[in-house]
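Analysis of the macromolecular model
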Amino acid sequence: MHKPLRIAAVAAACAVAGAGLYGAGAATAGQSTANSTHEPYNIGLLVKDIDTYYGTTLDAGGVYQASADSQYAKDLAALDKAARKYIDQAARKAHHKGEKPAVVFDIDDTLLLSLDYEKKTNYTYNSTTWAEYVNKADRPGVFGSAELVRYAESKGVEVFYNSGLSEAQRSAAVENLKKIGADVNLDAAHMFLKDKANPPAYLSACATPGTWTCTTVQYKGGTREHIEDDLGYEIIANFGDQYSDLDGGYADRTYKLPNPTYFVS
């Protein structure tokens, strides 16, 4: 999931925290650059801004949580409201045309919140500690995420997951998604994870057994292309917290969830 771009690119992500919500539209809209000719934003102040945005609190179990009355929660609620309205309309239209509508969700910080990991690692990434964190399978849900998954299913929309988590983390991801109530289509036919040892044939342009050169956009865009062209679905909406979750086409509409804590190119 993560790349070693963390705090170096957090200043760019600050724009996400400030704007809060990016709804449907071009995935690159409003994206700033990590290159700067002026003094970067102060990291200490930025961390305070992030805490304020999430309404970060430490619960009785020693876990950092986002607050339900935070700006982060309000931005997610606005996105959720717009997405529900759109899914309802798009699903009815697709069914009328004889199409099979689908939605695609990223997992990390789209469905499962990683704020506790970010806080406790000071917004730095380590593959070992990240794997340990994921395998605990106890991340809280992103506000409204599980409900949106179930809402899409209730409208006759097929739910798929397109994640940068590895194949080795599948069981933990499934367990965690069940815990937050997103228990919809958690089988291998609907949950696409990175399998660098045995990548699927549809990624052959950038991945062969034992050799993986796919960028995030190639991997995720290629997977959506597979869902549409090979499996026969029409992806009406694609949800992610990174622009790289959304770029690459093969979705009628994209929804960018706020995430000012890291950036994945």
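Reading guide: rules and limits
Residues numbered from 1 in each chain as written. Predicted model: local features only at pLDDT ≥ 70, side-chain atom pairs only at ≥ 80, totals over all residues. Heavy atoms only, no water. Helix = DSSP H or I, 4+ residues; strand = E, 2+ residues; numbered from the N terminus. Buried < 20%, exposed > 50% of the residue type's maximum accessible area, 1.4 Å probe, protein only. Core = buried A, V, L, I, M, F, W, Y, C linked by side-chain atoms within 4.5 Å. Contact = heavy atoms within 4.5 Å. Lys, Arg positive; Asp, Glu negative; His and termini not counted. Salt bridge = Lys/Arg side-chain N within 4 Å of Asp/Glu carboxyl O. pLDDT = per-residue confidence, 0-100. Pairing = 2+ DSSP bridges. Axes fitted to C-alpha atoms, helices over the stretch in contact; angles between N-to-C directions. Phe/Tyr/Trp six-rings, centres within 6.5 Å; stacked < 30°, edge-to-face > 60°. Lys NZ or Arg CZ within 6 Å of the ring centre and 35° of its normal.

Turning next to unusual backbone geometry. Non-glycine residue Asn-185 carries a positive phi angle of around 50°. With respect to the helices, strands and loops of the structure, Asn-185 is situated in the loop between helix H7 (170-179) and strand E5 (191-194). For Asn-185, a relative accessible area of 23% puts it in the partly exposed group.

A separate point is the nonpolar core. Ranked by internal contacts, the top residues of the largest apolar core, which has 52 residues, are Ile-87, Val-103, Tyr-161, Leu-177 and Phe-239. No other element matches the 8 residues that helix H3 (residues 71-96) contributes to this core. With residues up to four places along the chain from it excluded, the contact list for Phe-239 reads Leu-79, Ala-83, Ile-87, Val-103, Val-104, Phe-105, Asp-106, Thr-110, Leu-148, Leu-246, Tyr-255 and Leu-257. Ranked by size, the runner-up nonpolar core spans 13 residues in total, among them Val-104, Phe-192, Cys-206 and Ala-207.

Here we take up the side chain of Lys-256. Within the fold, Lys-256 resides in strand E9 (residues 254-256). Asp-241 provides the closest opposite charge to the buried, unpaired Lys-256, separated from it by 6.1 Å.

We now examine the confidence of the model for the protein. Confidence along the protein averages 90 in pLDDT terms, with 87% of residues attaining 70 or more. Contacts of residues 1-30 to residues separated by more than four positions or lying in other chains number 74 contacts, the stretch itself having pLDDT below 50.

Turning our attention to the pattern of salt bridges. Applying the stated rule across the entire model yields 11 salt bridges. Its salt-bridge partner being Asp-80, residue Arg-84 comes within 2.9 Å of it at the nearest N-O pair. Placement of both Arg-84 and Asp-80 in helix H3 is noted, with a separation of 4 residues, approximately one turn of the helix. By relative accessible area, which is 15% here, Asp-80 ends up buried.

Before going further, it helps to spend a moment on the sheet that holds strand E4 (residues 158-166). Within the open sheet, the 5 strands sit side by side as E5-E4-E3-E8-E9. Their pairing is parallel. Two strands lie at the open edges of the sheet, namely E5 and E9, each paired on one side alone. Strand-to-strand twist of the sheet, defined as the mean angle between neighbouring strand axes without regard to direction, takes the value 15°. Summarising the sheet, strand E3 (residues 101-105) and strand E8 (residues 234-240) pair through 5 bridges and their orientation is parallel. Residue Val-103 lies in a different strand from E8, and its bridge partner there is Ala-237. Across the face of the sheet, H3 comes into contact with E3, E8 and E9 while running at roughly 165° to E8.

A separate point is the packing of aromatic side chains. One pass over the structure, following the stated rule, counts 13 aromatic pairs. With a centroid separation of 5.9 Å and an interplanar angle of 65°, the aromatic rings of Tyr-53 and Tyr-72 are classed as edge-to-face. Of this pair, Tyr-53 sits in helix H2 (residues 43-54) while Tyr-72 sits in helix H3; the two residues are 19 residues apart in sequence, bridging distant segments of the chain. Residue Tyr-72 is classed as buried on the basis of its relative accessible area, which comes to 1%. Ring centres of Phe-160 and Phe-192 lie 6.2 Å apart, and the angle between their planes is 25°; this geometry places the pair in the stacked category. Taken together, the positions of Phe-160 in strand E4 and Phe-192 in strand E5 put the pair 32 residues apart, joining distant regions of the chain. Across this residue pair, the class does not change: Phe-160 and Phe-192 are buried. Put simply, the rings of Tyr-53, Tyr-54, Tyr-72 and Phe-143 touch in pairs and so form one group of aromatic residues. Across from the ring centre of Tyr-233, 4.1 Å away, lies the NZ or CZ of Lys-100, which sits over that ring.

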